Amino acid sequence: MTRLVLVGPPGAGKGTQATALSEKLGIPHISTGDLFRKNIAEQTELGQQVKHILDSGGLVPDEITNQMLIARLELSDTADGFLLDGFPRNLGQAEVLATVLAESDQKLDAVVQLQVDEDVLVQRLLARGRSDDNEDVIRHRLHVYQSETAPLLDYYRDLLVTVDGVAEIDQVTDRILAALRDRT
Ligand code: ADP
């Protein structure tokens with residue numbers, strides 16, 4: 001289980017779980033949100049292009065996102081696997097990912113869905129207080145998740161591992177690892 005995707009709405013705990021899983025499984029954690037935020041912090045050209053999009057809670061255009069992700073996957077640390085967090089976020093991105101992996105005879109091993117009720121999500125995000133975590137933007141991001149990202153659950157149905165994301169952090173990590181073990 002080395003080529004993994006983590007899917008879930010904003011606030012589901014993808015970043016937290018991805019960090020723990022990356023360490024336990026010895027594979028790099030690749031977060032498109034983190035990559036965008038790093039570019040924004042460093043005021044790169046890419047960062048300047050996408051800042052207003054992240055602030056509004058919309059999706060960065062696929063050409064920009066796909067190009068950034070493909071460049072990241074080309075680094076040598078992904079040779080034995082990777083954990084994608086926040087990518088793909090729509091069907092077009094999923095198709096690009098499948099194509100890129102197929103070019104090097106690779107495919108995904110599993111897609112982990114973190115499931116959390118919407119009222120818990122909103123509470124968590126308001127408590128986190130990142131710059132895109134105010135109530136209107138949160139509502140918009142949840143809407144974007146439902147309309148753009150949720151269709152991936154059906155697209156990935158044969159690879160899907162669904163885990164209840166409401167528990168202590170360590171317990172959720174254990175649930176994910178157990179669910180991945182059960183698949184093999
Ligand atoms: P969250 O899961 O809490 O929404 P992320 O860090 O994954 O946080 O994403 C933050 C923002 O970065 C998104 O709202 C979006 O603007 C942008 N983003 C991240 N990943 C993608 C992607 N795959 N495609 C388009 N935009 C993205």
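Everything discussed here concerns the structure shown above.
In this report, the structure presented in the accompanying data block is examined.

Cut-offs applied
Residues numbered from 1 in each chain as written. Predicted model: local features only at pLDDT ≥ 70, side-chain atom pairs only at ≥ 80, totals over all residues. Heavy atoms only, no water. Helix = DSSP H or I, 4+ residues; strand = E, 2+ residues; numbered from the N terminus. Buried < 20%, exposed > 50% of the residue type's maximum accessible area, 1.4 Å probe, protein only. Polar contact = N/O pair within 3.5 Å; in protein donor to acceptor, adjacent residues only side chain to side chain. Contact = heavy atoms within 4.5 Å. Pairing = 2+ DSSP bridges. Axes fitted to C-alpha atoms, helices over the stretch in contact; angles between N-to-C directions. Near = heavy atom within 4 Å. Areas by Shrake-Rupley, 256 points an atom, 1.4 Å probe, with all protein chains shown as cover. Expected span 1.5 Å × (residues − 1). Parallel < 35°, antiparallel > 145°, perpendicular 65-115°, else oblique. Left-handed = near helix turned anticlockwise from the far one by under 90°. Nonpolar A, V, L, I, M, F, W, Y, C, P; charged D, E, K, R; others polar.

Considerations on the side chain of Asp132
In this structure, Asp132 sits in the loop between helix H6 (118-128) and helix H7 (135-149). Here Asp132 falls in the buried class, since its relative accessible area comes to 6%. Of note is the side chain of Asp132, whose polar atom sits 2.8 Å from the side chain of Arg130. Dropping the residues within four chain positions of it, Asp132 is found in contact with Leu54, Val137, Ile138 and Arg141.

Some points on the sheet that holds strand E3 (residues 82-85)
Reading across the sheet, the five strands line up as E2-E3-E1-E4-E5 and stay open at both edges, with parallel pairing between neighbours. Whereas interior strands pair on both sides, the edge strands pair on one side only; in this sheet they are strand E2 (29-31) and strand E5 (160-164). Neighbour-to-neighbour, the strand axes of this sheet turn through a mean angle of 20°, independent of strand direction. Of the strand pairs in this sheet, strand E1 (residues 3-7) and strand E4 (residues 110-115) are connected by four bridges, and their pairing is parallel. Within E4, the residue paired with Leu4 across the bridge is Ala110. On the sheet, helix H1 (residues 14-25) packs against E1, E2, E3 and E4 and is oriented at approximately 180° with respect to E3.

Examining the site of the ligand
In the vicinity of the ligand, 18 residues are found, and the nearest of them are Thr32, Arg37, Gly58, Gly86 and Gln93. Side-chain polar atom of Lys14 to an oxygen atom of the ligand: 2.9 Å apart, as the coordinates give it. For the ligand, an oxygen atom lies 2.5 Å from a polar atom in the backbone of Gly58. Protein coverage of the free-state accessible area of the ligand, which is 540 Å², stands at 97%. Per element, the largest residue contribution to the shell around the ligand is four residues, and it comes from helix H2 (residues 32-41).

Here we look at the pairing of E1
A large share of E1 lies buried, amounting to five of its five residues. Side chains of E1 alternate between two faces, with Arg3, Val5 and Val7 and Leu4 and Leu6 buried alike. Pairing analysis gives four bridges linking E1 to E3, with the strands arranged parallel. Opposite Arg3, over in E3, you have Phe82 as the bridge partner.

Focus: helix H5 (residues 91-103)
Residues that lie three or four places apart on an α-helix share one face, since the helix turns once every 3.6 residues. For H5, which comprises 13 residues, the first-to-last C-alpha distance of 19 Å matches the rise-based estimate of 18 Å (1.5 Å per residue) to within 8%. As for H5, its buried residues are in contact with E1, helix H4 (62-73), E3 and helix H8 (151-155). In this structure Asn90 caps H5, since a side-chain oxygen of it lies 3.2 Å from the backbone nitrogen of Gly92. Just downstream of H5 lies Asp105, where phi reads positive at about 55°.

Focus: the packing of H4 against H5
Two numbers describe how H4 lies on H5: the axes approach to 11 Å, and their chain directions differ by 30°. Judged by the angle between their axes, H4 and H5 are roughly parallel. Once H4 is placed against H5, the crossing between them reads as right-handed. Seen from H4, the contacting residues are Asp62, Thr65, Asn66, Leu69, Ile70 and Leu73; seen from H5, they are Gly92, Gln93, Val96, Leu97 and Val100. Looking at the contact of H4 with H5 residue by residue, the class counts come to six nonpolar, four polar and one charged.

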